[in-house]
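Reading the structure
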Amino acid sequence: QRAGQQASDRSANVEAIIHCTTGIELLKCLPETPEHTQQALTLYIDLGAALLMTKGHAAPEVEQAYTQAYALCQRMGETPELAPVLFGLWRFYVMQPQLHTARALGDTLLGLAQQAQDPALAVIAHYALGFTGFCLGALPTARQHLEDGIARYTPDQRRTPVFRMGQDPGVACRTYAARALWLLGYPDQALARVHEARALAHELSHPF
């Protein structure tokens, strides 16, 4: 598990997949305990994130990993790992595209963020709803969610687990806000968001 996470941190995602898969297979040889269920959940979440970046968001392997993780969440009851699992499933469904399912997952994420009063999760939820709204052609709604995500984003959130899953949401919110602004007829504001997204991406220096 630790080797997989370290590989993921270096963007060595193929290596991360190997370590996570090995860990999952090893757990199958051990008795079912709450500790082992927690380990399996973490491994499936990390596996899903690595598969997203190597196989693509809509790959069946991505759905399989996050579906397994979701089943473990249901067995464990209330768990903070539910948020990255739902976000992983959202990323799969939005690229299928099964947009109404994706929007429902975004609504659930926003509800979790509001219940937990978690600003980092709120950024993720607003990004999910903003991107989905953009794909559905609901541009004013998309713009509002993306701007809400930008307003709640802070640099220290980058260390939270849900931010490990691919694109940095601060960059992503600015990118899609720019597209929404352009289509709504605000080219100057769109260009400003593009420059912000580029500057933040360079600052992060993250390959994905």
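Keep in mind it's a predicted model, so treat the numbers as computed, not measured.

Details of the pattern of salt bridges
With the rule as written, the count across this model stands at seven salt bridges. Here arginine 193 and glutamate 147 are joined by a salt bridge, their closest N and O atoms 2.5 Å apart. Pair noted here: arginine 193 is in helix 10 (residues 187-204) and glutamate 147 is in helix 8 (residues 139-152), with a separation of 46 residues, a long-range link. In terms of burial, arginine 193 and glutamate 147 fall into one category: buried. A salt bridge links glutamate 196 to arginine 174; the shortest N-O distance between them is 3.4 Å. Of this pair, glutamate 196 sits in helix 10 while arginine 174 is found in helix 9 (residues 169-184), placing the two residues 22 residues apart along the sequence.

Regarding helix 4 (residues 60-76)
The end-to-end C-alpha distance of helix 4 is 25 Å, a good match for the 24 Å that 17 residues give at a rise of 1.5 Å each. Those residues of helix 4 lying buried are Val62, Ala65, Tyr66, Ala69, Leu72 and Cys73. Along helix 4, the residues classed as buried sweep out an arc of 110° about the axis, all on the same side. Within helix 4, the exposed residues directed more than 90 degrees away from the buried face are Gln64, Gln74 and Arg75. As for helix 4, its buried residues are in contact with helix 3 (34-55) and helix 5 (82-94). Following helix 4 by one or two positions, glycine 77 has its phi on the positive side, about 85°.

A few points about the nonpolar core
Counting residues in hydrophobic clusters, the biggest one holds 56 residues, and the most contacted among them are Leu41, Leu47, Val62, Val85, Trp90, Leu109 and Tyr127. Listing elements by their share of this core, those giving two or more residues are helix 2 (13-27), helix 3, helix 4, helix 5, helix 6 (99-116), helix 7 (119-136), helix 8 and helix 9. For this core, the element with the most residues is helix 3, which contributes 10 residues. Apart from the residues lying within four places of it in its own chain, the contact partners of leucine 41 are Ala69, Leu72, Cys73, Met76, Thr79, Glu81 and Val85. Among the nonpolar cores identified, the runner-up in size contains five residues, and Val123, Val171, Ala197 and Leu200 belong to it.

Conventions used here
- Residues numbered from 1 in each chain as written.
- Predicted model: local features only at pLDDT ≥ 70, side-chain atom pairs only at ≥ 80, totals over all residues.
- Heavy atoms only, no water.
- Salt bridge = Lys/Arg side-chain N within 4 Å of Asp/Glu carboxyl O.
- Helix = DSSP H or I, 4+ residues; strand = E, 2+ residues; numbered from the N terminus.
- Buried < 20%, exposed > 50% of the residue type's maximum accessible area, 1.4 Å probe, protein only.
- Expected span 1.5 Å × (residues − 1).
- Arc of directions from axis to C-beta.
- Contact = heavy atoms within 4.5 Å.
- Core = buried A, V, L, I, M, F, W, Y, C linked by side-chain atoms within 4.5 Å.

Just geometry here; none of it tells us what the structure is for.
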